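Commentary on secondary and tertiary structure
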Amino acid sequence: MIIKTIQWANNAVKIIDQTRLPAEFRHVYIRDLKCLWHAIKTLQVRGAPALGAAAGLGVYLGIKDCKARNFAGFSRQLDGVIRYLGSSRPTARNLFWGLERMASVAAINRGKSVSQIKKILFAEAMEIIEEDRRACRKLGGYGSALIKNGDTVLTVCNAGILATIDYGTALGVLYRAQEKRKRFKVFACETRPLLQGARLTTWELKQKGIDVTLICDNMAATLMRQGKIDKVIAGADRIAANGDTANKIGTYSLAVLARYHGIPFYIAAPASTFDARMKSGEDIVIEQRPAAEVTRGFFKKPIAPANVAVYNPAFDVTDHALISAIITDRGIIRPPYRQQIKKALKPL
Ligand code: MRU
C-alpha cells in the first residue's frame, strides 16, 4: 500500500485521516482553512514534519483565492492565515518553521504581482514537501548504521511515514535498516492517551513487514529489566539549542528508564525540528489537551468520572543529558550538543 500522509490534489490538501486508523484507511480533501486548522487540532494530520508540510500547503490554501491587487492587501491576508494556522498546536517546531518560511518567501517577492507570488508560494509548499522527503531518507541512512543484526528497538508515539511526507524519522531509521537487510525487532509503546503507537506505528510497521510487538506504556521498564531492549529511538517535536527535546508525553520517562538500564536512547529528527531560539527545553511551550482525551480515551467511552480533575500535557521534554545521540539529515549529532548542533546545522 502507498501511504501518502499529506499532498496537494484536486485543488485541495489531501490527507490520510489518521483518527480513523487502523480501522479505516480513508483520505480527506481539505478545501478551506478552518477545516485544515481543525484537522491539525484533532490530529487527523499530525507529527512534526507533516505539520511543516501542512503549514506550507495551508498557507497556499489560505491565499490562493485572495482578491488583493497589491502586496499590502495580500500581505494582510497572508499574515492572518499564518497567525491562524499557528494557533492550532504550539509545540512542533516544523509547523512554525513552515509558516515562517512561507512568510519570508512572500516578503522577498513583494515586488512581484499577487498572482506571481501565489505561484511562488505554491512552489515553496511543494519544496517543503520534497525537502522533508529527502531529509527523512538521509536521516534514515545515517541512523541505520546504529542498528545491529538481532537488535530490539523500543519506540514511542508515531515518528514514521504518517508523521512525515514519506519514510519517517525514528521509523525511517528502521526502514533503511530493513532495506540493508538487517534483522531486528520493534516494541511499540501504545502511547496514551491518543494511542499513536498502538493505532499508527504498529499499523505502519506491519504494512512494511517489520516484526513489531505492542506494549502498554507502563511495560517498558519491565522489558528493559528483562534485557529485551537494545536501544530506544524516538522522534522530536522541537529540539532546543542545548539538545533538550520535546516529544510525545512519555518519551522522557523512557529516556530515564533507558539511562538506568544502560540502554542507548536516540532522538531522530530533521533540521527543521531544531529551534536555535530556544536556549533549553524550559523555553518550549507544551500543548495542553482536553481532559476528555484522558477521561474518555481515544474511543470516547468513559474510563474515569467525567468530572475528575485531569492534567493532560501532550508532550514532555527529555533533558539532553539523557540523549545518547540525535540522528539528523546532517549526520549523527553527539554531545556536547550546544556546540555540535550549531556546527551540524550551519546553513548549507
Ligand atoms: O501529538 P502528535 O501525534 O502530533 O505527536 C507526534 C510526536 O510526538 C512525534 O514523535 C513527533 O512529532 C515526531 S514525528 C516524526
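Please refer to the structure placed before this passage.
Residues numbered from 1 in each chain as written. Predicted model: local features only at pLDDT ≥ 70, side-chain atom pairs only at ≥ 80, totals over all residues. Heavy atoms only, no water.

With that settled, the discussion passes to the pattern of salt bridges. Within this structure, the stated rule accounts for 20 salt bridges. Among the salt bridges present, the one from Asp65 reaches Lys64, with a minimum N-O distance of 3.3 Å. With a closest N to O distance of 3.0 Å, Glu127 and Arg134 form a salt bridge. Relative accessible area serves as the criterion here: at 30%, Glu127 is assigned to the partly exposed category. What emerges from the salt-bridge pattern is a single network uniting Glu130, Arg133, Arg137, Asp166, Arg176 and Glu179. (Salt bridge = Lys/Arg side-chain N within 4 Å of Asp/Glu carboxyl O. Buried < 20%, exposed > 50% of the residue type's maximum accessible area, 1.4 Å probe, protein only.)

Another aspect to go through is the packing of helix α1 (residues 33-41) against helix α2 (residues 48-63). Where α1 contacts α2, the axes come no closer than 10 Å and their chain directions differ by 165°. Between α1 and α2, the crossing angle belongs to the class labelled roughly antiparallel. Our pair here, α1 against α2, has a crossing hand that is left-handed. Residues Leu33, Leu36 and Ile40 of α1 lie in contact with α2, whose contacting residues are Leu51, Ala54, Gly58, Leu61 and Gly62. Across the contact of α1 with α2, the residue classes break down as six nonpolar, two polar and no charged. (Axes fitted to C-alpha atoms, helices over the stretch in contact; angles between N-to-C directions. Helix = DSSP H or I, 4+ residues; strand = E, 2+ residues; numbered from the N terminus. Parallel < 35°, antiparallel > 145°, perpendicular 65-115°, else oblique. Left-handed = near helix turned anticlockwise from the far one by under 90°. Contact = heavy atoms within 4.5 Å. Nonpolar A, V, L, I, M, F, W, Y, C, P; charged D, E, K, R; others polar.)

It is worth spelling out α1 at this point. Listed in full, the buried residues belonging to α1 are Leu33, Leu36, Ala39 and Ile40. Seen end-on, α1 carries its buried residues on one side only, within an arc spanning 115°. Elements in contact with the buried residues of α1: β2 (12-16), β3 (27-30), α2, α3 (71-86) and α4 (93-108). The residue sitting at the N-terminus of α1 and contributing the capping side-chain oxygen is Asp32; that oxygen lies 3.0 Å from the backbone nitrogen of Lys34. Leu43 sits one or two residues past α1 and shows a positive phi near 70°. (Arc of directions from axis to C-beta. Polar contact = N/O pair within 3.5 Å; in protein donor to acceptor, adjacent residues only side chain to side chain.)

With mixed pairing, the seven strands of this open sheet are ordered in space as β6-β5-β4-β7-β10-β13-β14. Single-partner strands in this sheet number two, and they are β6 (212-215) and β14 (331-333). Averaged over all adjacent pairs, the angle separating strand axes in this sheet is 25°, with direction ignored. In terms of strand pairing, strand β10 (residues 265-268) meets strand β13 (residues 325-328) through three bridges, oriented parallel. The residue bridging Ile267 from the neighbouring strand is Ile326, located in β13. Running at roughly 160° to strand β5 (residues 184-189), helix α6 (residues 170-179) makes contact with β4 (151-155), β5, β7 (231-234), β10 and β13 of the sheet. (Pairing = 2+ DSSP bridges.)

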